[in-house]
Each structure stands twice: as structure tokens, then as C-alpha cells.
Amino acid sequence: MPVPWFLLSLALGRSPVVLSLERLVGPQDATHCSPGLSCRLWDSDILCLPGDIVPAPGPVLAPTHLQTELVLRCQKETDCDLCLRVAVHLAVHASLQAQVVLSFQAYPTARCVLLEVQVPAALVQFGQSVPSSPLSSQGSVVYDCFEAALGSEVRIWSYTQPRYEKELNHTQQLPALPWLNVSADGDNVHLVLNVSEEQHFGLSLYWNQVQGPPKPRWHKNLTGPQIITLNHTDLVPCLCIQVWPLEPDSVRTNICPFREDPRAHQNLWQAARLQLLTLQSWLLDAPCSLPAEAALCWRAPGGDPCQPLVPPLSWENVTVDKVLEFPLLKGHPNLCVQVNSSEKLQLQECLWADSLGPLKDDVLLLETRGPQDNRSLCALEPSGCTSLPSKASTRAARLGEYLLQDLQSGQCLQLWDDDLGALWACPMDKYIHKRWALVWLACLLFAAALSLILLLKKDHAKGWLRLLKQDVRSGAAARGRAALLLYSADDSGFERLVGALASALCQLPLRVAVDLWSRRELSAQGPVAWFHAQRRQTLQEGGVVVLLFSPGAVALCSEWLQDGVSGPGAHGPHDAFRASLSCVLPDFLQGRAPGSYVGACFDRLLHPDAVPALFRTVPVFTLPSQLPDFLGALQQPRAPRSGRLQERAEQVSRALQPALDSYFHPPGTPAPGRGVGPGAGPGAGDGT
């Protein structure tokens with residue numbers, strides 16, 4: 001639909017430059033060439049399929065430069081469309097013809113046209129190239145024209161068909177109408193639309209994508225002047241605004257005002273998530289495309305920085321929403337992924353920790369292979385990589401001989417293997433246990449001697465016993481309360497969510513047991529025997545059993561309460577929840593559950609009222625909204641309420657949030673938590 005001249009004047013400004021814009025009359029596209037070239041425009045648009053670059057059979061005619069110029073295409077004297085004229089400069093190397101494609105993209109429009117260009121044979125002598133002819137080294141062809149909306153960003157590509165060289169590209173931002181304005185007010189951003197009260201128009205917010213179609217975020221039909229308020233957390237660099245009058249064939253105005261906004265770039269990285277798909281494959285989920293590179297790193301317990309494994313591995317370029325792979329043989333909870341942008345660490349996640357448990361006190365050995373089967377080993381430590389064997393004073397150097405023996409005997413886990421080297425994870429638990437055994441032996445000898453001295457002084461015996469009792473209690477508190485986590489394996493995504501919760505709880509003074517981390521023992525003992533042993537040990541130590549309810553768990557509980565038995569073939573070999581019901585139900589039926597059991601479920605997945613009434617005789621918490629109360633229930637029964645409980649709840653919530661986002665909003669689906677515009681959330685995007 002042609003734009004009235006006064007709107008064009010408002011957008012472009014009343015200046016001699018604007019008023020002198022060339023006017024094209026008529027709706028037809030056209031093309032013309034520089035002198036010496038002949039060209040024609042194909043009658044219809046073509047598919048935008050550049051294809052792969054192929055070797056040139058000889059001298060070729062190829063685009064070398066793109067130029068654009070604003071012109072007006074007018075139906076009447078005062079009704080004109082803004083149009084973009086494209087000039088393609090060509091390098092001519094022989095007497096030949098070429099098919100030149102022009103690809104035009106301005107959301108939501110995309111077009112491709114084909115120009116056929118030919119150099120007459122009379123202008124080129126046999127065996128000579130055109131640079132010696134009157135054409136010099138170049139010619140040009142002009143296309144009139146691609147219609148574009150005010151305020152839109154236009155992208156143009158040019159290449160030959162078939163494609164012999166990398167395509168040329170050009171981006172141009174067209175002027176916007178003054179009645180669409182963006183202003184900031186503290187933490188909020190206002191979209192101000194100054195239109196007449198009778199004007200009906202559509203407003204759409206979308207994420208503009210470099211590759212692939214735009215992702216709509218919010219749409220609504222409005223009337224009259226409007227002020228739309230966005231929270232600053234909704235801003236990302238690719239958030240664009242589209243406005244158009246609700247009329248047939250209306251021109252749509254697009255602006256992307258947040259490309260250079262520092263808050264938008266900060267929000268982009270806060271919204272980015274790393275997601276593990278398989279042992280080796282993962283992807284970066286983010287609203288916008290971003291320049292980044294990733295590498296593996298090794299994170300040891302104790303809070304030391306994650307150490308990049310470069311070399312022997314290398315940094316890999318990352319594309320948003322594209323599956324990437326690392327050449328790993330095995331996963332390990334200490335392996336993490338670091339994502340850098342502009343040589344700055346932006347994102348780090350230990351993707352394998354959710355499924356393989358918390359960080360382990362393992363040592364990573366780096367094997368380097370040289371010519372003639374020469375190889376060297378070093379142990380990765382915070383101070384660097386310590387060669388083995390070594391006389392240094394580091395922990396790995398002192399245990400170097402034992403680590404090499406473990407490596408030769410096959411007790412180390414190989415994580416990566418290549419012609420140039422390998423990575424091995426060697427456990428350190430047994431050496432730590434030996435050291436602590438000596439410490440405990442010394443403590444016992446000291447306690448025996450102290451007991452003898454105190455018994456000789458009967459007046460002090462009671463005081464000694466009181467002190468000993470306090471020491472035992474404080475030691476048990478420092479060791480942390482045992483917690484057995486039971487759940488129904490509804491699907492792999494829910495298992496990852498359970499693993500994330502268990503890993504987060506391990507960071508607190510809790511000793512967490514979950515079948516997800518004990519699959520080998522579970523398979524060897526059987527689900528019933530494994531759960532019975534874990535439950536007995538947990539309750540004997542004064543621990544707590546956590547029933548994590550999901551739709552699948554509620555269905556299994558209801559089935560047991562109705563029939564009293566479960567079909568043996570209806571579950572998998574690792575389903576400890578179904579097997580555990582035979583031991584759990586008597587505790588509830590006989591009133592032994594309060595104080596030893598708590599229930600939990602995830603917000604948006606299950607309402608607490610859906611849990612069978614028998615299991616609601618113990619507290620049932622929703623996560624993460626009731627995390628402080630949930631963590632309080634996991635404390636020792638007589639332990640005082642810690643002032644750090646809220647801080648620990650926030651720590652668990654932060655660790656759990658990426659897994660919740662991944663479960664409720666898989667890659668490629670819009671997340672209500674990232675919604676924008678007024679009333680963002682479910683149903684907010686239903687415009688009429």
C-alpha cells in the first residue's frame with residue numbers, strides 16, 4: 001500500500017536531498033546496465049538457494065561491490081513507496097555471460113531476483129581479458145527496485161549462479177517514522193506511539209535472528225496513542241518492534257533499538273543456558289545470536305577456578321541453538337564447559353554433574369604423546385600441571401607413584417583419547433581415607449590417655465562425659481544429616497531435574513543418597529534390597545527420607561493404595577520408587593512417618609493437593625517457592641534454625657534454576673519467564 005507523501009516527509013525530513021529523490025513511475029521492476037554490457041531481468045522471482053561454492057571452470061564474471069540508493073516508486077503524485085535501488089559492480093575477466101542473483105530480506109519480506117548479464121564477444125579479443133578492452137576491469141548492472149518499509153533493516157546479498165565465490169552482503173537501516181519512539185525511565189523502557197485516536201494498528205515484538213526466521217514474542221492490536229512499558233530485564237539485542245496500520249497490504253515499520261544497549265547484552269548472557277543432550281553433544285540456548293567460543297575445563301572441589309583444558313583440547317566456535325560435540329569417551333562431574341565472548345568468560349556450567357553426582361576429589365592426568373612412542377604425564381593442579389614423577393611439594397607429586405600405579409592397573413577413567421594425548425581421571429578417595437585412618441587412630445590414642453587421666457580424678461568424670469557428648473553431637477552436625485531421595489523416573493528430563501536437586505543439596509551439610517548415582521549397586525542388589533538397606537541406614541542415623549512427587553509417582557501411589565500390589569513387568573530395572581512403596585507404606589499406615597519423612601513436588605508440575613491424603617500426614621513442600629521451609633525440615637530435629645537458611649535456599653534455587661528452565665522450556669520453545677510486553681505469559685500473545 002503506498003505511503004502518503006506527508007508521512008514520507010516526516011520520516012525523511014524536508015530537505016533538498018529528500019525532495020530530489022528520484023521518482024519511478026509504475027509498479028514494474030526493471031534493470032539496466034553500464035555501457036558495453038547487455039542484461040535482462042527474469043520475469044518472476046526465484047527461490048533463495050545460494051548453494052555451495054564450486055570451482056570456477058575458467059575466467060568468470062562475478063560481483064565485486066554493492067551500492068544502494070533510496071528512490072520513490074509512485075502510483076500517484078502524492079502516493080509513493082520507499083524503494084531501494086541496488087547497483088552491482090562486476091569484475092569481468094572474459095567474454096562470457098553470468099546469472100547474478102540479488103537476495104533481499106527485510107522482516108517479514110524476503111525476495112530473490114535473477115539478472116542475466118552478458119559481455120558481447122565483439123568487445124573481447126581471443127586470448128585477451130576484458131581489462132585490456134574498453135570496459136576496463138569492471139561493469140555494473142542496476143536493479144529497480146526492492147520496496148522497503150520505513151524504519152526497517154534491509155539486508156542484500158549478491159552472488160552468481162552457480163556460485164564461484166563468497167557472496168557479497170550489504171545492510172542498511174532505513175529512516176523510521178517519528179511517531180514511534182523509545183524512551184527510558186529508570187528500570188523501565190517505554191514504547192511511545194503518537195498516532196491519532198481513530199487509528200487502528202498492530203504492534204508486534206519479535207527476536208530477529210541472523211539465521212532462521214524471526215521468533216515472535218508478543219502481538220496485540222491497538223487503537224490510538226499508546227505507551228507500552230517493558231521491564232529492562234526483557235531487553236535483548238535482537239528484540240525488534242514492528243508497527244503497521246490495520247489496513248489491507250499495509251507497509252510494516254520495523255526498528256531494532258537495543259542492539260547497542262549494554263543492559264540488553266547483559267540480559268542476553270543471563271538468559272543463555274548450556275544444555276547437555278547426550279554424553280558428547282550439547283547446545284547453547286539463547287534468545288539472540290552471539291559471537292562465542294567454548295572449551296572444556298576441569299573443576300576440582302574446594303572452590304578453585306575451573307582450569308581450561310586448552311591444550312590439549314581447543315576452543316570451538318559456538319552457534320546458538322546448534323548442536324555441538326566434544327570428543328569425549330566418558331563423562332565426569334568435574335568436567336565443565338566454559339563459554340567466552342570477546343576474551344571474557346560469560347558462562348560456565350558443569351553439565352555432567354546433574355546426572356553423575358557432585359564434584360569428586362579426583363586428579364586429572366594429562367598424557368602427552370610424542371614421536372617414537374614417547375609419552376609424558378602430568379597432574380592438573382591449581383598451581384599448574386605437575387610432571388609425574390616429581391619431587392615437588394604438591395599433593396599430586398607426593399602421591400605420584402600411587403597415581404602411576406593406578407593408571408597402569410586400569411583404576412583411572414579415560415575421558416579423552418587422541419593421537420597427541422589423552423586425559424585420565426584418577427580417584428583420590430582411598431588415599432584420603434588412609435590419611436584420615438591415621439588421624440583417627442591418633443585421636444583414639446589421645447582419647448584413651450585423656451580418659452585414663454580423668455578417671456583418676458572422679459570429681460571431673462561427669463564433666464568429661466558431658467564434654468564428650470557435646471563433641472559427638474557437634475561431629476554429627478558437621479558431618480551433615482543423611483537424606484534419601486526417592487522419585488519416580490517419569491522421563492529422562494525429570495531424572496535430570498532430580499539430579500540437579502540432589503547435586504544442589506550436596507552443597508549443604510547433607511549427605512544425599514539417590515538411585516541415580518548408584519545404578520551399579522542397584523542393578524547388583526535389586527531395587528527392593530537396595531532401597532531397604534538405604535532406608536534402614538538413613539533412619540538409624542537419624543536421617544530423613546524425601547518423597548519427591550510427580551504425576552508418575554502419584555499414579556503409582558494411587559495404584560498401590562487401591563490394589564496393594566504392583567505388576568512386576570510394568571517398571572524398569574532401576575525404578576526404586578515403585579520398589580520402595582512396599583517399605584514406605586507401612587511407616588505411613590502405622591504412624592511412624594512424621595519426623596522421618598517429608599514430601600516435595602515442583603511448582604507448575606504438580607499441586608500438593610494431588611498427593612494422596614495418606615502421604616500428606618507429613619509436610620509436603622513445593623519447590624522452589626518453599627525452599628526455606630523445605631531445607632528447615634531437612635535439618636536435624638533438635639538443631640536450631642540457622643540464620644543462613646535463607647541464604648542456603650537462594651543458593652539451592654540458583655543451582656536448580658537452569659534445570660527447571662530446561663525441563664519446562666526445552667530448546668526452541670518460548671519461555672514465559674522471558675516474555676515481554678504488557679501481560680506477558682500464557683495467552684498474552686493472542687492478538688485479534
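Residues numbered from 1 in each chain as written. Predicted model: local features only at pLDDT ≥ 70, side-chain atom pairs only at ≥ 80, totals over all residues. Heavy atoms only, no water.

Draft legend 1. Looking closely at the state of the cysteines. Evaluated as defined, the whole model comprises nine disulfides. Between the sulfur atoms of Cys33 and its disulfide partner Cys39 the distance amounts to 1.7 Å. For Cys39, a relative accessible area of 23% corresponds to the partly exposed category. Between Cys83 and Cys145 runs a disulfide, and the two sulfur atoms are separated by 1.9 Å. (Disulfide = S-S within 2.5 Å. Buried < 20%, exposed > 50% of the residue type's maximum accessible area, 1.4 Å probe, protein only.)

Draft legend 2. Focus on the confidence of the model for the protein. On average, residues of the protein score 78 in pLDDT, and 79% of them are at 70 or above. Mean pLDDT per element in the protein: helix 2 (residues 16–19) is the minimum at 35, and strand 35 (residues 597–602) is the maximum at 94. Note that residues 125–136 has pLDDT below 50 and, in this model, 17 contacts with residues that lie over four places away or in other chains. Between residues 467–478, whose pLDDT stays under 50, and residues either more than four places distant or in other chains, the model counts one contact. (pLDDT = per-residue confidence, 0-100. Helix = DSSP H or I, 4+ residues; strand = E, 2+ residues; numbered from the N terminus. Contact = heavy atoms within 4.5 Å.)

Draft legend 3. Highlighting the pairing of strand 32 (residues 481–487). Of all seven residues in strand 32, seven are buried; the element is thus mostly enclosed. Here strand 32 shows two buried faces, one formed by Arg481, Ala483, Leu485 and Tyr487 and the other by Ala482, Leu484 and Leu486. With five bridges connecting them, strand 32 and strand 33 (residues 510–514) associate as parallel partners. What sits directly across from Arg481, in strand 33, is Leu510. Each parallel crossover has a hand, and the one from strand 32 via helix 9 (residues 492–506) to strand 33 is right-handed. (Pairing = 2+ DSSP bridges. Right-handed = clockwise from strand over helix to strand, strands pointing away.)

Draft legend 4. Structural context of the nonpolar core. Counting residues in each nonpolar core, the largest one holds 57 residues, and the members touching the most others are Trp282, Leu309 and Val337. Residues within four places of Val337 in sequence aside, it is in contact with Leu274, Trp282, Ala294, Ala295, Leu296, Phe326, Leu347, Gln348, Glu349, Leu351 and Trp352. Counting 35 residues, the second-largest nonpolar core is a separate cluster that includes Val498, Val514, Val652 and Leu656. (Core = buried A, V, L, I, M, F, W, Y, C linked by side-chain atoms within 4.5 Å.)

Draft legend 5. Here's a closer look at the packing of aromatic side chains. Here the structure, examined in full by the defined rule, presents ten aromatic pairs. Seen in terms of ring centroids, Phe494 and Phe602 are 6.1 Å apart; in terms of plane orientation they differ by 85 degrees. Their pairing is edge-to-face. On the criterion of sequence distance, the pair formed by Phe494 in helix 9 and Phe602 in strand 35 is long-range, its members being 108 residues apart. As far as the burial class goes, Phe494 and Phe602 line up, both buried. Between Phe621 and Phe630, the ring centres sit 6.0 Å apart and the planes meet at 65 degrees, which makes this aromatic pair edge-to-face. Neither Phe621 nor Phe630 differs from the other in exposure class; each is buried. Members of the aromatic cluster, joined through ring pairs, are Phe494, Phe602, Tyr663 and Phe664. Here Arg217 stacks its cationic end above the ring of Trp207, 3.8 Å away from the centre of that ring. Across from the ring centre of Phe664, 4.6 Å away, lies the NZ or CZ of Arg604, which sits over that ring. (Phe/Tyr/Trp six-rings, centres within 6.5 Å; stacked < 30°, edge-to-face > 60°. Lys NZ or Arg CZ within 6 Å of the ring centre and 35° of its normal.)

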